[in-house]
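Take a look at the letters that make up each chain.
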Amino acid sequence: MLFLKTVGKNTVSIHKNAPLVLAIGVFDGVHLGHQRVIQNAIGMASSIGGKSAVYTFLPHPTEILGNRKNLILTYEQKAMQLGKLNIDYMVEQHFDREFASLSPDDFMDMLKHKFKTINTICIGQNFRFGSGRTGNANYLQSLSSKIGIEVIVIQSLMANGFRISSTRIRQELIQGNLATANSMLGYNYYCRCLFERKNQVADILISTFRVQNEQQIYPGIYSINILSTNEIYHGIADYYNDDKISRIDVYLIEYQVTFTSSIDVEFLSFIDEKNQLLTPHQRATQMKRSMKNTWKNQKN
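Enquirer: Residues and numbers for the overall build of the protein, please.
Expert: Regarding its fold elements, the protein presents 10 helices and 16 strands. Along the first, second and third principal axes, the C-alpha atoms of the protein reach 70 × 35 × 35 Å. Taking as baseline every contact in the protein between residues at least 6 positions apart, the subset at least 24 positions apart corresponds to 72%. A total accessible area of about 14600 Å² is found for the protein, and carbon and sulfur atoms account for 47% of it. Here the protein contributes 32 positive and 25 negative side-chain charges, whose respective centroids are spaced 2 Å apart.

Shown next, in the form of structure tokens:
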């Protein structure tokens, strides 16, 4: 995947001789619904001998327009997840108030100018664009013949009677429904963590990290994988909020590894509630017991 940045109405340098299929959206979380839109763009590009691209926005439009949302993934994680889908290009549009003020028609004119070989646009059925979010999927389809661009609207995926959406996933994570959130993401939720300190509690070595992701999850003990320098380590994490800062204490039972920089922590399953009344030693003991029980169950 080739990563490109653009501002305003500037033309984007993409393969001049191949028709372009564009998947447009914020794609926070890159969940199964997003993946469906993007995979349709990839399939269409392949069928016409063209190139596929994701056209997304930085910062998140809600940061500029208000009603700001906590992002599920960091921007770096989002790019990583998009890269796993084998898209040809990721184009990051700088989003500001000037860009937000474009009318729906001006937005489409801008796309035709920015992407010279644009052939097809793939969007989700809830896609909104233009000043005041007045443009929608139906309006964009109505412009299709006029602007000479095919518009494909992808219907939302449903799970347990609900539309899969970033908003829904945020709710499930904060309520502790990790399995449900992971099923809608299509992968295990993970966060980027920055090492702060290590602490020896009796015979238990605890490493503490500050969580970089804005999205919070339900406080408690989780079974995790630590993804570090191309290695995967299994362990237990105690996730909590300390003075509005999310942190995790990590315990590894079968590894002697010292982490001194950033890691990714992948959340596999919820194990236990967080008891605020426990002492640090009791908490560490609970983590150790949870790790042993989890490890025993996995082996069985």
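Enquirer: Now, about the pattern of salt bridges: what can you tell me, with residues and values included?
Expert: Taken as a whole, this structure holds 7 salt bridges when the rule is applied. A salt bridge links aspartate 28 to arginine 170; the nearest nitrogen and oxygen atoms lie 2.6 Å apart. Linking aspartate 28 in the loop between strand 2 (20–24) and helix 1 (32–47) with arginine 170 in helix 8 (residues 166–174), this pair joins segments that are 142 residues apart in sequence. Note on accessibility: aspartate 28 and arginine 170 belong to one class, buried.

Enquirer: For the sheet that holds strand 1 (residues 2–6), give the residues involved together with the corresponding values.
Expert: Spatially, 1-4-3-2-5-8 is the arrangement adopted by the 6 strands of the open sheet, whose pairing is parallel. Edge strands, defined here as strands with exactly one partner in the open sheet, are strand 1 and strand 8 (150–154). Strand after strand, the sheet turns through a mean of 25° between neighbouring axes, direction not considered.

Enquirer: How would you summarise the nonpolar core if you had to cite specific residues and measurements?
Expert: Tyr189, Ile248 and Phe267 are the most contacted members of the largest nonpolar core, which has 47 residues in total. With near-sequence residues (within four places) excluded, phenylalanine 267 lies in contact with Leu178, Asn182, Asn188, Tyr189, Tyr190, Cys191, Ile217, Tyr222, Ser223, Ile224 and Tyr239. Core analysis: the second largest hydrophobic core is formed by 32 residues, Ile24, Ala100, Ile123 and Ile147 among them.

Enquirer: Tell me about the environment of glutamate 98, and please be specific about residues and values.
Expert: Relative to the elements of secondary structure, glutamate 98 occurs in helix 4 (residues 97–100). For glutamate 98, a relative accessible area of 64% gives the class exposed. A sequence separation of 111 residues divides glutamate 98 from phenylalanine 209, and the C-alpha atoms of the two residues are 38 Å apart.

Enquirer: With reference to specific residues and values, describe the pairing of strand 2.
Expert: Most of strand 2 sits inside the fold, with 5 of its 5 residues counted as buried. Going residue by residue along strand 2, you find Leu20, Leu22 and Ile24 tucked away on one face and Val21 and Ala23 tucked away on the opposite face as well. Each parallel crossover has a hand, and the one from strand 2 via helix 1 to strand 3 (residues 51–58) is right-handed.

Enquirer: Can you lay out the sheet that holds strand 16 (residues 262–273) for me, pointing to particular residues and giving the numbers?
Expert: Taken together, the 6 strands give a closed barrel; going around it, the order is 11-12-15-14-13-16, and neighbouring strands pair in antiparallel fashion. Taking the axes of each pair of neighbouring strands and ignoring which way they run, one obtains an average angle of 40° across the sheet. Relative to strand 15 (residues 245–251), strand 12 (residues 204–211) runs antiparallel, the two being bridged by 4 bridges. Its bridge partner lying in strand 15, phenylalanine 209 is registered against isoleucine 248. Relative to strand 16, helix 9 (residues 178–185) is tilted by about 135°, and along the sheet it contacts strand 13 (220–228) and strand 16.

Enquirer: Describe the pairing of strand 5 (residues 118–124), and please don't skip the residues or the numbers.
Expert: By the criterion of burial, strand 5 is predominantly enclosed, with 5 of the 7 residues buried. Bridge count for strand 5 against strand 8 is 5 bridges, and the pairing is parallel. Note that in strand 8 the partner of cysteine 122 across the bridge is isoleucine 152.

Enquirer: Kindly report on helix 1, identifying the contributing residues and their values.
Expert: The first and last C-alpha atoms of helix 1 sit 22 Å apart over 16 residues, in line with the 22 Å expected at 1.5 Å per residue. Of the positions making up helix 1, those classed as buried are Gly33, His34, Gln35, Val37, Ile38, Ala41 and Ala45. The first or second residue beyond helix 1 is glycine 49, which carries a positive phi of 65°.

Calculation rules
Residues numbered from 1 in each chain as written. Predicted model: local features only at pLDDT ≥ 70, side-chain atom pairs only at ≥ 80, totals over all residues. Heavy atoms only, no water. Helix = DSSP H or I, 4+ residues; strand = E, 2+ residues; numbered from the N terminus. Contact = heavy atoms within 4.5 Å. Areas by Shrake-Rupley, 256 points an atom, 1.4 Å probe, with all protein chains shown as cover. Lys, Arg positive; Asp, Glu negative; His and termini not counted. Charge placed at Lys NZ, Arg CZ, Asp CG, Glu CD. Salt bridge = Lys/Arg side-chain N within 4 Å of Asp/Glu carboxyl O. Buried < 20%, exposed > 50% of the residue type's maximum accessible area, 1.4 Å probe, protein only. Pairing = 2+ DSSP bridges. Axes fitted to C-alpha atoms, helices over the stretch in contact; angles between N-to-C directions. Core = buried A, V, L, I, M, F, W, Y, C linked by side-chain atoms within 4.5 Å. Right-handed = clockwise from strand over helix to strand, strands pointing away. Expected span 1.5 Å × (residues − 1).

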